[in-house]
Amino acid sequence: MKLPTKTARWPTFLCAILLGHILWGSIRIPGRVYGRRMDNIERYLESGAPAYHLGNNHRQGARIIEKLLAETSPDAVILWRGEWKGCVEFVPLLIAPRLLVEDWRVPADARQFLDRPIARGELAPGLAGSFVLIGLGDSLDLELR
Amino acid sequence: MRPLVNRLTTGSMIGIAAFGLLNYLLLLLGFEFWAASLPLALVLGFALASAPKLNPSAEHQACPPWVKLICLLLLGAVLIALAYGSGITPSRHWDGAVAWELKAWYLTLEPSLEQDFFRAEEVFHHSRDYPLLQPLCLAAGNRLLGEGMGRFLFPCLYLLLLAFLGIACRQRCQQGYLPWLGMLALGLTPMLTNPVMGGADSGFADLFLAVGVMGLATGVLLRDLPLLAAATVVTVLVKPEGTAYALLPLVLFWCREDRSAMYVSLAACCLGLAVWLPLQHDLQQLGRAESIAIPIVFGLMAFALVLVLGDLLMHRLAMSPRGRWLCLASLGITALLCAPVLVGALGNESGTLGIYLSDLSRPLERLPRIPLVLYGLIERGLLHGRFALAYTLLAVMSLGILLRKRRFSSPELATLMLLGIMSICMPFFFSPEADLEHHLRASMDRLLLHWLGPAFLLSIVCIDAEIRQAGQTGDRAPSK
């Protein structure tokens, strides 16, 4: 490989790459930097955090989170079991200040844990109990205990 | 005196380091963190950064005003988008939401680790033993300025990243337009500006770490020891990878026998680790185990003593830099062999350190992965588009220098960059993640982002040197 030496061609070539990079970055400003960012922001503001994070093609479970938010007190603990990777990772942020606690660590008959009430509610009329969130990787489920 | 921008950037780094050290210490002692210490530390940083600078600036030509105007307009447009994206919603991306922002949320609510989210083993807590500098800064901003205001940290970090490149290039470059073009190029890199995981407003801690690494590179290039010390502390306190990065200038100065820089780097590393490792242990053990601060301090003193005595011995033996590299490499391998014992002593078998360092047969078994990791590095860095032509420029420029058997205009920075590139390959050998393809896809972009600033810094400094050399040989240099 023969490179131009002792001439200005080499630094000019390097400057051309630098300018190419700047051009590449500049042409993305309208579409990516603004367009896609604004789309994301709009979707977040319209749908809310649960639907934004857990209501898309990759992750499902927003309705369950919305149900928990609507039916449980903010100081509650919510039990969970299953796959921790995936949807469950988002749950602590979405349910805060409620805490997510592993199901097996809480005695079966307990109504309180860490001096907080354990989240309870109904899945169907007459079907009540402590909620247990089930992590299924790319989705969530809700059961009663 | 340092120019104003120089003072602001270096002062910010010193302030953030002081804020981190103070609040890590407060949390370690069981106190609440002190939000008001952030502005106070920044003021202290600006005051300390007012000390006379060490190196005279290179004689540089003025930058044409129209170049400055274009740069300011484009960077301003990006900054507005990033500031809006940061402030209008909480984090919209994975790690930002599940790890960093959640910690900040709880620290905003109650400025202490003595709460169930941090202390109850039964509570789901993602990355429980991760460093807290970013959550602390976010929480301090939220507590002082109001809910959500802490997220304006991200555009500030973006500006700081650009400013470091600008001040370093201004000090070292003769061509007045190069610092501006360098800042513009860095600021427009898609990985920083796109609304993606790791982007500047994504809430990930990678931007913060990139600023720390940029501080290291600037400190090394300008031999600015206060900046180097502050950046070393910040790098240790912001992300787990930061510890490995913070050791690199120390390695560099030890091998180059630059004593004063080595001592500063060593002291800053030890200071950062002396607060971070006990806090990591505290987070991992939920505040229940006895503190390991004193053993850690003794361990760090032993580490410092080995390096200082080793340096004196090498000096006495008149060892060449190559001999020093070999000695340090063998010392590093020995330290690595002791790593499982160290991890056990830290009680971090199931923590971040433990999952990487507890099984040393893993990296040996994965040696055949080297070509795949290198391919991943090239693919993500050069071909994938997230970094546009940033790493292409670095690669072409480095190849040009090597093929023509020339020297880098800043061999220290070039060596730091090489060590940095090597260090970002390491997780793929040590991580428990067995699926290499997935690991490369999930991590390589963010690891490359950490070294994006130094990559541009090295490229710009070398381009300037090439232009100067071409000018000296009587040829026409571009844009003169």
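Residues numbered from 1 in each chain as written. Chains lettered and ligands numbered in written order. Predicted model: local features only at pLDDT ≥ 70, side-chain atom pairs only at ≥ 80, totals over all residues. Heavy atoms only, no water.

**Some thoughts on the overall build of chain B**
Note the following rule: Helix and strand labels come from DSSP, where a helix needs a run of H or I of at least four residues and a strand needs a run of E of at least two; each type is numbered from the N terminus. The reference for a compact globule is 2.2 Å times residues^0.38; the radius of gyration itself is calculated from the C-alpha atoms. Type-normalised accessible area, obtained with a 1.4 Å probe on protein chains alone, sets the label of each residue: buried when under 20%, exposed when over 50%, and partly exposed for intermediate values. Contacts are assigned to residue pairs that have any heavy atoms within 4.5 Å of one another. Areas reported here follow the Shrake-Rupley algorithm with a probe of radius 1.4 Å; residue values treat only the protein chains shown as occluding. Charged-residue counts in this description rest on Lys and Arg as positive and Asp and Glu as negative, His and the chain ends being excluded. To locate a charge, take NZ of a lysine, CZ of an arginine, CG of an aspartate or CD of a glutamate.
Helices and strands together make up the secondary structure of chain B, namely 24 helices and zero strands. Scaling as 2.2 N^0.38, a compact globule of 480 residues should have a C-alpha radius of gyration of about 23 Å, and chain B matches this with 22 Å. Referenced to the eigenvectors of the C-alpha coordinate spread, the extents of chain B come out at roughly 70 × 55 × 45 Å. Burial status across chain B gives 58% buried among its 480 residues. Counting only contacts in chain B whose residues sit at least 6 apart along the sequence, the fraction spanning at least 24 positions is 77%. About 18,600 Å² of surface is accessible on chain B, with carbon and sulfur atoms providing 68% of the total. Averaged over its 34 positive side-chain charges, chain B has a centre that lies 12 Å from the centre of its 32 negative ones.

**Let's talk about the interface of chain A and chain B**
Condition: Defined here as a combined quantity, buried area equals the accessible surface (1.4 Å probe) lost by two parts on assembly, summed across both. Salt-bridge detection follows one rule: a side-chain nitrogen of Lys or Arg within 4 Å of a carboxyl oxygen of Asp or Glu. Here a polar contact means two N or O atoms within 3.5 Å. Within protein one must be a hydrogen donor candidate and the other an acceptor candidate, and residues neighboring in sequence count only if both atoms are side-chain atoms. Three residue categories are used. Nonpolar comprises Ala, Val, Leu, Ile, Met, Phe, Trp, Tyr, Cys and Pro, charged comprises Asp, Glu, Lys and Arg, and polar comprises the others, including Gly.
Every contact between the two is made by 56 residues of chain A and, on the other side, 63 residues of chain B. Between chain A and chain B, a total of about 5,100 Å² is buried, with carbon and sulfur atoms accounting for 75% of that surface. Remark: the boundary between chain A and chain B carries three salt bridges. Measuring nitrogen to oxygen at the nearest pair gives 2.8 Å for the salt bridge that ties aspartate 201 of chain B to arginine 37 of chain A. The tally of links from chain A across to chain B stands at eleven residue pairs in polar contact (both at pLDDT 80 or more). At the level of secondary structure, the elements contributing two or more residues to the side of chain A that touches chain B comprise α1 (9-54), α3 (87-95) and β2 (99-102) of chain A. With 29 residues, α1 of chain A is the largest single contributor of residues to the side of chain A that touches chain B. Of the residues in the side of chain A that touches chain B, the class split is 35 nonpolar, ten polar and eleven charged.

**Section: the pairing of strand β5 (residues 120-124) of chain A**
When a strand is regular, its side chains alternate between the sheet's two faces. We apply this condition: A pair of strands counts as paired when DSSP detects no fewer than two bridges linking them.
Bridging between β5 of chain A and strand β6 (residues 127-136) of chain A involves four bridges; their strand directions are antiparallel. Directly across from glutamate 122 of chain A, in β6 of chain A, lies its bridge partner alanine 128 of chain A.

**Some points on the nonpolar core**
Stated formally: As used here, the term nonpolar core means buried Ala, Val, Leu, Ile, Met, Phe, Trp, Tyr and Cys residues forming a set that is joined through side-chain atoms within 4.5 Å.
Counting 202 residues, the largest nonpolar core has Leu133, Tyr391 and Leu457 of chain B as its most contacted members. Here this core gets 13 residues from one element, more than from any other, and that element is α1 of chain A. The residues touching leucine 133 of chain B, leaving out its near neighbours within four places in the chain, are Ile16, Phe19, Gly20, Tyr24, Phe208, Val234, Leu237 and Val238 of chain B.

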